[in-house]
Amino acid sequence: MVDGSPWWAPHVYADRRGFLKARGRIGAACRRYFGENRFDEVETACLQVSPGAEVHLKAFSTEMLDASGEKSRLYLHTSPEFACKKLLAAGERRIFTFARAFRNGERSALHHPEFTMLEWYRAEEPYRAIMDDCLALARAAAGAAGAEALAWRGRTADPFAEPEYLTVAEAFERHAGVDLLGAPGDAGALAADCLRLGIRVAADDDWSDLFSKILSDRIEPVLGQGRLTFLTEYPAREAALARLKPGDSRVAERFELYACGVELANGFGELVDPDEQRRRFHADMQEKQRRYGETFPVDEDFIAALAHMPEASGVALGFDRLVMLAAGAERIEQVLWTPVASKGAA
């Protein structure tokens with residue numbers, strides 16, 4: 001916080017209060033949009049059997065005691081995704097949630113250990129409909145904040161302008177001169193591209209590491225400049241929980257939304273094949289074990305629910321980041337009512 005004072009110090013809080021009031025208006029505008037489009041707001045438990053399945057995420061864990069005093073491990077979720085998809089399996093069709101999410105080891109201008117994830121799903125609707133939702137919410141947020149454009153660190157993006165739709169392959173070709181799909185999975189070719197671009201390559205970098213380095217160094221900083229950018233059709237290796245694109249198995253139905261070089265949302269045409277999802281989970285956890293010496297458990301209840309889940313599209317949007325860019329804040333703590341302490345008890 002400013003000059004080392006706590007967030008509740010009156011002079012610090014006074015500087016933040018305008019952002020916090022804007023946060024309330026933006027949240028109300030988002031809820032109004034979902035209400036007008038016949039979504040139901042849901043609440044998901046933060047404590048879960050598995051916090052997620054992403055290789056690089058670190059989670060908070062705790063112990064639960066049953067009535068007899070027996071202990072079992074639970075995690076604070078990194079996203080409400082598993083729980084929301086179980087609700088789709090149960091029969092819900094359009095849902096949204098403002099979920100508190102938790103990610104350990106993340107604190108920067110754009111990251112916080114506890115944050116708000118705005119996540120929503122449409123059953124039996126294409127993922128382009130989710131992109132349209134994102135655009136409408138960005139416009140609603142700007143309107144609620146009284147802003148003509150989203151802004152961060154001297155960059156602006158007009159949410160009312162026609163957005164840019166760019167595939168990942170097009171972005172790599174345009175901004176880095178890389179033919180991403182010409183030799184899919186060829187780590188040697190991608191390493192050579194990194195060296196040509198002046199990007200450091202480590203001896204143990206695999207294809208996904210190299211992909212991420214080029215994405216973060218050359219692609220992301222130029223996205224969402226002047227207008228919003230939807231970066232679409234991620235390579236199959238980066239599909240996460242998305243299904244592969246019908247007719248082109250090299251890419252997945254996955255997109256990310258950018259404004260001012262900042263990732264705001266990550267959306268999927270959802271994978272509903274339990275066998276394929278289990279395979280991906282096990283592959284990701286093997287990689288997590290190799291890199292970090294730990295794994296997360298597979299949520300078997302989630303795998304079982306996938307067999308009953310309808311075709312769907314869904315997206316996770318960083319609500320705090322949306323507020324930041326709409327209200328003109330520089331750091332995420334400025335838009336959080338009560339930021340997490342920088343250190344816990346010894």
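Relevant structure appears above.
Rules used throughout
- Residues numbered from 1 in each chain as written.
- Predicted model: local features only at pLDDT ≥ 70, side-chain atom pairs only at ≥ 80, totals over all residues.
- Heavy atoms only, no water.
- Helix = DSSP H or I, 4+ residues; strand = E, 2+ residues; numbered from the N terminus.
- Rg over C-alpha atoms; globule rule 2.2 N^0.38 Å.
- Buried < 20%, exposed > 50% of the residue type's maximum accessible area, 1.4 Å probe, protein only.
- Contact = heavy atoms within 4.5 Å.
- Lys, Arg positive; Asp, Glu negative; His and termini not counted.
- Charge placed at Lys NZ, Arg CZ, Asp CG, Glu CD.
- Axes fitted to C-alpha atoms, helices over the stretch in contact; angles between N-to-C directions.
- Left-handed = near helix turned anticlockwise from the far one by under 90°.
- Nonpolar A, V, L, I, M, F, W, Y, C, P; charged D, E, K, R; others polar.
- Salt bridge = Lys/Arg side-chain N within 4 Å of Asp/Glu carboxyl O.
- Polar contact = N/O pair within 3.5 Å; in protein donor to acceptor, adjacent residues only side chain to side chain.
- Phe/Tyr/Trp six-rings, centres within 6.5 Å; stacked < 30°, edge-to-face > 60°.
- Lys NZ or Arg CZ within 6 Å of the ring centre and 35° of its normal.
- Pairing = 2+ DSSP bridges.

1. Let's talk about the overall build of the protein
Right, on to step 1. Tallying secondary structure elements over the protein gives nine helices and 16 strands in all.
Right, on to step 2. For 346 residues, the compact-globule estimate of 2.2 N^0.38 gives 20 Å, and the protein sits close to it at 20 Å.
Right, on to step 3. Along the first, second and third principal axes, the C-alpha set of the protein runs to 60 × 55 × 45 Å.
Right, on to step 4. Buried positions account for 51% of the 346 residues belonging to the protein.
Right, on to step 5. Restricting to contacts in the protein with at least 6 residues of sequence separation, those with at least 24 account for 68%.
Right, on to step 6. Charge separation in the protein, taken as the distance between the mean sites of 43 positive and 54 negative side-chain charges, equals 4 Å.

2. Section: the packing of helix α1 (residues 10-36) against helix α9 (residues 319-327)
Right, on to step 1. α9 packs onto α1 with a crossing angle of 115° between their chain directions and a minimal axis gap of 10 Å. Helix-helix and strand crossings are classified by hand; for α1 and α9 the assignment is right-handed. Here Phe19, Ala22, Arg23, Ile26, Gly27 and Cys30 of α1 come into contact with α9, specifically with Phe319, Asp320, Val323, Ala326 and Ala327.
Right, on to step 2. Broken down by class, the residue content of the contact of α1 with α9 amounts to eight nonpolar, one polar and two charged.

3. Let's talk about unusual backbone geometry
Outside of glycine, negative phi angles account for most residues, and trans bonds account for most peptide bonds.
Right, on to step 1. In this model, Arg38 sits at a positive phi of 60°, which is unusual for a non-glycine residue.
Right, on to step 2. Since its relative accessible area comes to 62%, Arg38 is described here as exposed.
Right, on to step 3. In this structure, Glu233 takes a positive phi of about 55° despite not being glycine.
Right, on to step 4. Mapped onto the secondary structure, Glu233 falls in the loop between β11 (229-232) and β12 (244-245).

4. Some details on the pattern of salt bridges
Right, on to step 1. Counted according to the given criterion, the structure contains 30 salt bridges.
Right, on to step 2. In this structure, the salt-bridge partner of Glu125 is Arg94, at a minimum N-O distance of 2.9 Å. Residue Glu125 is found in the loop between β6 (114-123) and α3 (127-145), and its partner Arg94 is found in strand β5 (residues 94-102); the two are separated by 31 residues along the sequence. Accessibility assignment for this pair places Glu125 and Arg94 in one class, buried.
Right, on to step 3. In this structure, the salt-bridge partner of Arg331 is Glu333, at a minimum N-O distance of 3.6 Å.
Right, on to step 4. The exposure class assigned to Glu333 is buried, which follows from its relative accessible area of 11%.
Right, on to step 5. Because the salt bridges share partners, they merge into one network encompassing Asp206, Asp209, Glu287, Arg290 and Arg291.

5. Here's the deal with the side chain of Lys85
Right, on to step 1. Locating Lys85 in the fold gives a position in helix α2 (residues 81-90).
Right, on to step 2. Classification of Lys85 as buried rests on a relative accessible area of 1%.
Right, on to step 3. At 2.7 Å, the side chain of Lys85 forms a polar contact with the side chain of Glu81.

6. A look at the packing of aromatic side chains
Right, on to step 1. Tallied over the full model, the rule gives 16 aromatic pairs.
Right, on to step 2. Judged by centre distance (5.1 Å) and plane angle (90°), the ring pair of Phe98 and Phe319 falls under edge-to-face. Taken together, the residues Phe98 in strand β5 and Phe319 in helix α9 connect sequence positions 221 residues apart.
Right, on to step 3. Accessibility expressed as a relative area gives 18% for Phe98, which makes it buried.
Right, on to step 4. Among the aromatic residues, ring-to-ring pairing joins Tyr33, Phe34, Phe39, Phe96, Phe98, Trp120 and Phe319 into one connected group.
Right, on to step 5. Geometry around Tyr292 places Lys58 over its ring, the cationic atom sitting 4.8 Å from the centre.

7. Quick look at the environment of Tyr121
Right, on to step 1. Looking at the secondary structure, you find Tyr121 in strand β6.
Right, on to step 2. It is 27 Å that separates the C-alpha atoms of Tyr121 and Ser61, two residues lying 60 residues apart in sequence.
Right, on to step 3. Leave out the neighbours within four places in its chain, and Tyr121 touches Phe39, Glu81, Cys84, Lys85, Leu88, Arg93, Arg94, Ile95, Glu270, Ser313 and Gly314.
Right, on to step 4. One polar contact links Tyr121 to Glu119, side chain to side chain, over a distance of 2.5 Å.

8. Brief notes about the sheet that holds strand β7 (residues 150-152)
Right, on to step 1. Strand order across the open sheet formed by three strands is β7-β8-β10, with mixed pairing between neighbours. Each edge of the open sheet carries a strand with a single partner, namely β7 and β10 (226-227).
Right, on to step 2. Summarising the sheet, β7 and strand β8 (residues 155-158) pair through three bridges and their orientation is antiparallel. Directly across from Ala151, in β8, lies its bridge partner Thr156.

9. A look at the sheet that holds strand β4 (residues 71-76)
Right, on to step 1. Within the open sheet, the three strands sit side by side as β2-β4-β3. Their pairing is antiparallel. Where the open sheet ends on each side, the last strands, each with one partner, are β2 (47-48) and β3 (61-65).
Right, on to step 2. Note: β3 against β4, five bridges, orientation antiparallel. Bridge pairing in β4 links Ser61 to Tyr75.

10. Examining the side chain of Glu270
Right, on to step 1. Assignment of secondary structure puts Glu270 in the loop between β15 (262-269) and α7 (274-292).
Right, on to step 2. For Glu270, a relative accessible area of 1% puts it in the buried group.
Right, on to step 3. Polar side-chain contacts of Glu270 include one of 3.3 Å to the backbone nitrogen of Gly314.
Right, on to step 4. Excluding residues that lie within four positions of it along the chain, Glu270 makes contacts with Glu81, Lys85, Tyr121, Leu241, Arg243, Met309, Ala312, Ser313 and Gly314.

By themselves, these observations are geometric and do not establish any function.
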